[in-house]
Amino acid sequence: MTLRTVSRALRPVGRAAALAVAVSAVVFMATELLPGDAGELRTAGRASAEDVAAERDRLGLDRPAVVRYLDWLYGVIRGDLGRSLAGGRPVAELFAERLPATVVLVAVALAGTVLLTVAALTVTYLRGGRGGSAATGLAAVPQPVYAAVLGAVLAGLLGWLPPVSLLPPGASPLADPRLLALPALTLALPSAAFATVLLRGAMGDVLRRPHVTDARLRGLPAPLVLYRHVLPFLYAPALQVTALLAGGLMAGTALAETVFGYPGTGQLLVSAVAVRDVPVIQAAALLPAAVLLLGMLLADLAARRTTVPGLARDAGRPVPEAAGGSG
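Residues numbered from 1 in each chain as written. Predicted model: local features only at pLDDT ≥ 70, side-chain atom pairs only at ≥ 80, totals over all residues. Heavy atoms only, no water.

**Description of the overall build of the protein chain**
Thinking step 1. Counting its secondary structure elements, the protein chain contains 15 helices and zero strands.
Thinking step 2. A total of 327 residues make up the protein chain; the buried ones form 38% of that total.
Thinking step 3. If you take every contact in the protein chain between residues at least 6 apart in sequence, the share linking residues at least 24 apart comes to 76%.
Thinking step 4. Element-wise, carbon and sulfur atoms account for 67% of the exposed surface of the protein chain, whose accessible area totals about 17500 Å². (Helix = DSSP H or I, 4+ residues; strand = E, 2+ residues; numbered from the N terminus. Buried < 20%, exposed > 50% of the residue type's maximum accessible area, 1.4 Å probe, protein only. Contact = heavy atoms within 4.5 Å. Areas by Shrake-Rupley, 256 points an atom, 1.4 Å probe, with all protein chains shown as cover.)

Below, the structure written as structure tokens:
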């Protein structure tokens, strides 16, 4: 392996690391722009300026922002996310309690997103790449609308699902899949619409390639054309879109978890924002960014190594006639 090959292999890793540092700086600055801080909120406006200053000093909020950022970044690199300003517990401990529930929710929502996207792209293929306005419209609908409609119809009108997804203490979210249905659907439906919009253009380009046109003219069955001559060209963009959706779903759990009472990290973020618990907010904001960057890195590396057997052959010469087809 040459030095150039190693350099090319490590380039995506270095780019991801640089982006991670940049994202951490953005997250820290965003928390700095929040109105008020934990010192002011904990005194509830009833203390004197001296008492507020003493509380800020006790919490370490009087130090320069650059110093606090570097301390926080060094702690994150070491795996120390700090302590909650509200309860004093380690932030990592708080997330250890909530993260499994969120991971299960995101995994279920991502699986649903993939299935719905594949179904939508199949319909797009059968229509020759035309249409797609429905997916564009659904992608533009805000997530709160999905939550309200799904809750009203599936829980209120039909009574099929529980309106609140509270888990019993120590119970796994998989113990009662019905508790996952509403928050997972709230996440999956707009994500699938968004993914369909992103991949529809790539599919349209593939459908216009000569080898696909030739396969159709020679009468090959539509499923064979789709899975042998179309989907291989969508591997790389599909991997990247999946990574993007994983980070987006992790970031988008806050609303679904809060609306349906699902005890995950999103709900923890909402409560932390209310009391300006900065270490918890920073960790909750950094988590989806880390998932997105890691997913994009893995997708990039996988796309570089993806090879499709027979792809050049299929694209470069006419495909055989289907059995019973005309010559």
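**A few points about helix α12 (residues 253–260)**
Thinking step 1. Here α12 has its buried residues at Thr-253, Ala-254, Ala-256, Glu-257 and Phe-260.
Thinking step 2. In this structure, the buried residues of α12 make contact with α5 (91–126), α7 (143–157), α8 (178–207), α11 (235–251) and α13 (265–274).

**Observations regarding the packing of aromatic side chains**
Thinking step 1. For the coordinates displayed, the defined rule picks out three aromatic pairs.
Thinking step 2. Aromatic side chains Tyr-69 and Trp-72 sit 6.2 Å apart centroid to centroid with 45 degrees between the ring planes, which places their arrangement in the tilted category. Of this pair, Tyr-69 and Trp-72 both sit in helix α4 (residues 65–78), three residues apart, which is roughly one turn of the helix.
Thinking step 3. A relative accessible area of 13% places Tyr-69 in the buried class.
Thinking step 4. Judged by its relative accessible area of 10%, Trp-72 is buried.
Thinking step 5. Taken together, the aromatic side chains of Phe-28, Tyr-69 and Trp-72 make up a single cluster linked through ring pairs. (Phe/Tyr/Trp six-rings, centres within 6.5 Å; stacked < 30°, edge-to-face > 60°.)

**Side note on α7**
Thinking step 1. Between its first and last C-alpha, α7 extends 20 Å over 15 residues, near the 21 Å set by a 1.5 Å rise per residue.
Thinking step 2. Restricting attention to buried positions, one finds in α7 the residues Gln-143, Tyr-146, Ala-147, Leu-150, Gly-151, Leu-154 and Ala-155.
Thinking step 3. At its buried positions, α7 is contacted by α6 (133–139), α8 and α12. (Expected span 1.5 Å × (residues − 1).)

**So, the nonpolar core**
Thinking step 1. Within the largest apolar cluster, 33 residues are counted, with the highest numbers of intra-cluster contacts made by Tyr-125, Met-203, Val-225 and Val-230.
Thinking step 2. Listing elements by their share of this core, those giving two or more residues are α5, α8, α9 (210–217), α10 (222–230) and α11.
Thinking step 3. No other element matches α8, which puts nine residues into this core.
Thinking step 4. For Tyr-125, the contacting residues outside a window of four places in its chain are Met-203, Leu-207, Arg-216, Ala-222, Val-225, Leu-226 and Val-230. (Core = buried A, V, L, I, M, F, W, Y, C linked by side-chain atoms within 4.5 Å.)

**Let's talk about the packing of α8 against α10**
Thinking step 1. Two elements in contact, α8 and α10, have axes whose closest approach is 11 Å; the angle formed by their N-to-C orientations is 100 degrees. Considering their axes alone, α8 and α10 lie roughly perpendicular with respect to each other. Along its contact with α8, which presents Met-203, Val-206 and Leu-207, the element α10 presents Leu-226, His-229 and Val-230.
Thinking step 2. Of the residues contributing to the contact of α8 with α10, the split by class is five nonpolar, one polar and no charged. (Axes fitted to C-alpha atoms, helices over the stretch in contact; angles between N-to-C directions. Parallel < 35°, antiparallel > 145°, perpendicular 65-115°, else oblique. Nonpolar A, V, L, I, M, F, W, Y, C, P; charged D, E, K, R; others polar.)

**Here we look at a nonpolar patch on the surface**
Thinking step 1. Where nonpolar side chains cluster on the molecular surface, the patch consists of Val-145, Val-149, Val-153, Leu-157, Leu-158 and Trp-160 and spans about 580 Å² of accessible area.
Thinking step 2. The topology assignment puts Val-145 in helix α7. (Patch = residues over 30% accessible without salt bridge, like charges linked within 9 Å, V, L, I, M, F, W, Y side chains within 5 Å. Salt bridge = Lys/Arg side-chain N within 4 Å of Asp/Glu carboxyl O.)

**Side note on the pattern of salt bridges**
Thinking step 1. Applying the stated rule across the entire model yields five salt bridges.
Thinking step 2. The salt bridge partner of Asp-80 is Arg-78, with a shortest N-O separation of 3.9 Å.
Thinking step 3. Glu-93 is paired through a salt bridge with Arg-89; the nearest N and O atoms lie 2.7 Å apart.
Thinking step 4. Among the charged side chains, a network of salt bridges with common partners joins Arg-89, Glu-93 and Glu-97.

**A word on the confidence of the model for the protein chain**
Thinking step 1. Mean pLDDT over the protein chain: 77, with 78% of residues reaching 70 or higher.
Thinking step 2. Taken together, the stretch residues 307–327 has pLDDT below 50 and engages in 27 contacts with residues farther than four places along the chain or on a different chain. (pLDDT = per-residue confidence, 0-100.)

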